[in-house]
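Each chain, letter by letter, is given below.
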Amino acid sequence: MLRFASLASGSGGNCLVAEASDATCATRVLVDCGLNLTDTERRLARVGLAPRDIDAILVTHEHGDHAGCVFDFAAAHGVAVYITHGSLAGLEAEGKQIEGVKIVPISSRQAFFVDGIQVQPFTVPHDAREPVQYVVSDGAAKLGVLTDIGTPTEHVRQVLSGLDALVLECNYDRDMLWSGAYPKWLKERIGGPLGHLDNRDSARLLAALDRSRLKHVIGAHLSQQNNKPELARAALARAMNCEESWIGLATQDEGFGWRELV
Ligand SMILES: [Zn+2]
Ligand SMILES: [Zn+2]
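As a starting point, this report considers the structure included with it. (Residues numbered from 1 in each chain as written. Chains lettered and ligands numbered in written order. Predicted model: local features only at pLDDT ≥ 70, side-chain atom pairs only at ≥ 80, totals over all residues. Heavy atoms only, no water.)

Before going further, it helps to examine the coordination of the zinc ion (ligand 2). Coordination of the zinc ion (ligand 2) by the protein comes from His-61 (NE2), His-63 (ND1), His-126 (NE2) and Asp-148 (OD), over a distance range of 2.2 to 2.3 Å. If you look at the zinc ion (ligand 2), its four donor atoms make angles of 93 to 167 degrees with each other, and the shape they trace is irregular. Separating the zinc ion (ligand 2) from the zinc ion (ligand 1) is a gap of 3.7 Å, which Asp-148 spans by donating to each of them. Taken as a pair, His-61 in the loop between strand 4 (56–58) and helix 2 (64–67) and Asp-148 in the loop between strand 10 (142–146) and helix 5 (154–159) lie far apart in primary sequence, 87 residues in all. For the pair His-61 and Asp-148, a shared accessibility class is recorded, and that class is buried. (Donors = N, O, S within 2.8 Å, 3.2 Å for Na, K, Ca; no water. Tetrahedral: all angles 85-135°; square planar, octahedral: opposite > 155°, others 65-115°. Helix = DSSP H or I, 4+ residues; strand = E, 2+ residues; numbered from the N terminus. Buried < 20%, exposed > 50% of the residue type's maximum accessible area, 1.4 Å probe, protein only.)

A separate point is the packing of aromatic side chains. Scanning the entire structure with this criterion turns up two aromatic pairs. Each ring, one from Phe-4 and one from Phe-256, has its centre 5.9 Å from the other, and the planes form 85 degrees; the classification is edge-to-face. Of the two residues, Phe-4 sits in strand 1 (residues 2–8) while Phe-256 sits in strand 14 (residues 256–261), which places them 252 residues apart along the sequence. Overall, Phe-4 belongs to the buried group, its relative accessible area being 0%. Classification of Phe-256 by relative accessible area gives buried; the value is 9%. For the ring pair Tyr-82 and Phe-112, a centre distance of 5.2 Å and an interplane angle of 5 degrees mean the geometry is stacked. With Tyr-82 in strand 5 (residues 80–84) and Phe-112 in strand 7 (residues 112–114), this pair connects stretches of sequence that are 30 residues apart. The exposure class of Tyr-82 is buried, given its relative accessible area of 12%. On the basis of relative accessibility, which here comes to 14%, the residue Phe-112 falls in the buried class. The lysine or arginine in question, Arg-3, covers the ring of Trp-258, its NZ or CZ lying 3.7 Å from the ring centre. (Phe/Tyr/Trp six-rings, centres within 6.5 Å; stacked < 30°, edge-to-face > 60°. Lys NZ or Arg CZ within 6 Å of the ring centre and 35° of its normal.)

Protein-derived coordination of the zinc ion (ligand 1) comes from Asp-65 (OD), His-66 (NE2), Asp-148 (OD) and His-221 (NE2), at a distance range of 2.1 to 2.3 Å. Read N to C, the donor residues that coordinate the zinc ion (ligand 1) are spaced as D-H-x81-D-x72-H.

By the definition in use, this model includes zero disulfides. With no disulfide of its own, Cys-15 lies closest to Cys-33 among cysteine sulfurs, the gap being 4.7 Å. With no disulfide partner, Cys-33 has as its closest neighbouring cysteine sulfur the one in Cys-69, 4.3 Å distant. Here Cys-33 falls in the buried class, since its relative accessible area comes to 0%. (Disulfide = S-S within 2.5 Å.)

A few words on the nonpolar core. Residues Phe-4, Leu-58 and Leu-143 are the most contacted members of the largest nonpolar core, which totals 29 residues. Contacts of Phe-4, omitting those with residues within four sequence positions, involve Val-17, Ala-18, Leu-143, Ala-165, Val-167, His-216, Ile-218, Phe-256, Gly-257, Trp-258, Arg-259 and Leu-261. If you look at the next biggest cluster of nonpolar residues, it comprises 27 residues, including Val-124, Leu-209, Ala-239 and Leu-249. (Core = buried A, V, L, I, M, F, W, Y, C linked by side-chain atoms within 4.5 Å. Contact = heavy atoms within 4.5 Å.)

A word on unusual backbone geometry. One non-glycine residue, Asp-32, lies in the positive phi region at around 70 degrees. By the secondary structure assignment, Asp-32 is in the loop between strand 3 (26–31) and helix 1 (37–46). Phi at His-221 is positive, roughly 55 degrees, even though this residue is not glycine. Within the secondary structure layout, His-221 lies in the loop between strand 12 (216–220) and helix 9 (229–240). Since its relative accessible area comes to 2%, His-221 is described here as buried.

Right, let's get into the pattern of salt bridges. Once the charged atoms of two side chains with opposite charge are near each other, the side chains can pair. In this structure the tally under the stated criterion is twelve salt bridges. Put simply, Glu-154 and Arg-157 hold a salt bridge, and the shortest N to O gap is 2.9 Å. Of this pair, Glu-154 and Arg-157 are both found in helix 5, three residues apart, which corresponds to roughly one turn of the helix. When its relative accessible area of 26% is taken as the criterion, Arg-157 is described as partly exposed. The salt bridge partner of Arg-204 is Asp-201, with a shortest N-O separation of 3.6 Å. With Arg-204 and Asp-201 both in helix 8 (residues 199–208) and three residues apart, this pair spans about one turn of that helix. A single network of salt bridges, built from pairs that share partners, joins Arg-174, Asp-198, Asp-201 and Arg-204. (Salt bridge = Lys/Arg side-chain N within 4 Å of Asp/Glu carboxyl O.)

Put into structure tokens, the structure is as follows:
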């Protein structure tokens, strides 16, 4: 069985946990760890886990809201860190302390296993050194996570087609961003080709996917300044041609609770 939950989602910190289990054992990975150590531990407890339950952290990229606590958590709890060379270089350049941390460098295109979880990284256009996002699987069901992408690509569309669950960035509403209070350079960064996905582009990408197996769609990484949950939910529901209540949303404070793929 594959199940997943989020501890937090948004520019204040991102952390998702995925678990593959059978009758005898379970493997659990974090995708990113962008909260502080205390918050991460506290929120893990909220979903019924202890730090020792985590087998690995999969890092998407070096931005602080994704990687801020990766090495702290890994060092404190002896957890391996799977990361591209570029993301690692980005964190080292910021002076992040990696001593005593087990680093497993990954290729941005090569699938690998963390015990019972198969991991497929894939490349995305974003303003980081070597950003990836991930599809994780227990061999039967597949969960895709896609945030921090400026432009949907054909490669991304192919990788995300045929999934059983998708956590999809809905960062901002275009009108709210451009009429909002952010400085022009920041608006241009967020709205640019290496920034983030707005509700409309997320919906367009979703509509272009093979959605025949999708059982969970969850909007994620919503901006608290430049988006509203109801706008993101409505955009994704239109793309899925489903009730708005069927679409899940990940929040900064709560993330979301366990979702199962049996
Ligand atoms: Zn982010
Ligand atoms: Zn980012």
